[in-house]
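# Structural description and commentary
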Amino acid sequence: MTAQPDIPYVDISTENTFTFHAPKYSNWKCYMFGNRPGGVGITYIPQEGQVPNAWVRFWMWVFLDCLWVKEK
C-alpha cells in the first residue's frame, strides 16, 4: 500500500477523485510600494490568520510605503 502525498488544499479519495479547496483569505489588503486604493499596482491579500501585527504593518509603511487596509 502506498501513502498518499500531503498536498495542501487537495483531497485524494480512494476512488482516485480529486477535490480542491481554496484557502480562506483575510479581510486585510496590502497596497505595496506606494500603491493606493484605486491605483494600478501590486496588492497582496494574506490568508486568514496570516496577517502581520500592527508593529510589522507600521514598519512596512515607514520603510516600504505599504498601506494596509481592513476591508469591510
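As shown above, the structure is provided for reference.
Residues numbered from 1 in each chain as written. Predicted model: local features only at pLDDT ≥ 70, side-chain atom pairs only at ≥ 80, totals over all residues. Heavy atoms only, no water.

### Re the environment of tyrosine 25
- Inspection of the secondary structure assignment puts tyrosine 25 in the loop between strand E2 (18–20) and strand E3 (28–31).
- A residue is classified by how much of its surface remains accessible, and tyrosine 25, at 51% relative accessible area, is exposed.
- Not counting residues up to four positions away in its chain, the partners in contact with tyrosine 25 are Ile45, Pro46, Gln47 and Glu48. (Helix = DSSP H or I, 4+ residues; strand = E, 2+ residues; numbered from the N terminus. Buried < 20%, exposed > 50% of the residue type's maximum accessible area, 1.4 Å probe, protein only. Contact = heavy atoms within 4.5 Å.)

### So, the environment of glutamate 48
- Here glutamate 48 is to be found in the loop between strand E4 (43–44) and helix H1 (54–64).
- The exposure class of glutamate 48 is exposed, given its relative accessible area of 53%.
- For the pair glutamate 48 and tyrosine 25, spaced 23 residues apart in sequence, the C-alpha separation works out to 4.9 Å.
- Ignoring sequence-local partners within four residues, the contact set of glutamate 48 consists of Lys24, Tyr25 and Ser26.

### Digging into a nonpolar patch on the surface
- On the surface, a cluster of nonpolar side chains totalling about 1100 Å² of accessible area is made up of Phe33, Ile42, Trp55, Val56, Phe58, Trp59, Trp61, Val62, Phe63 and Leu64.
- Inspection of the secondary structure assignment puts valine 62 in helix H1.
- Residue classification places valine 62 among the partly exposed residues on the basis of a relative accessible area of 39%. (Patch = residues over 30% accessible without salt bridge, like charges linked within 9 Å, V, L, I, M, F, W, Y side chains within 5 Å. Areas by Shrake-Rupley, 256 points an atom, 1.4 Å probe, with all protein chains shown as cover. Salt bridge = Lys/Arg side-chain N within 4 Å of Asp/Glu carboxyl O.)

### Observations regarding the packing of aromatic side chains
- The full count for this structure, using the stated rule, is six aromatic pairs.
- The interplanar angle of 65° and the centroid separation of 6.5 Å between the aromatic rings of tryptophan 28 and tryptophan 68 together place this pair among those described as edge-to-face. Taken together, the residues tryptophan 28 in strand E3 and tryptophan 68 in strand E5 (residues 67–70) connect sequence positions 40 residues apart.
- With relative accessibility at 18%, the residue tryptophan 28 sits in the buried group.
- Here the aromatic rings of phenylalanine 58 and tryptophan 61 are separated by 5.9 Å at their centres, their planes lie at 50°, and the arrangement is tilted. (Phe/Tyr/Trp six-rings, centres within 6.5 Å; stacked < 30°, edge-to-face > 60°.)

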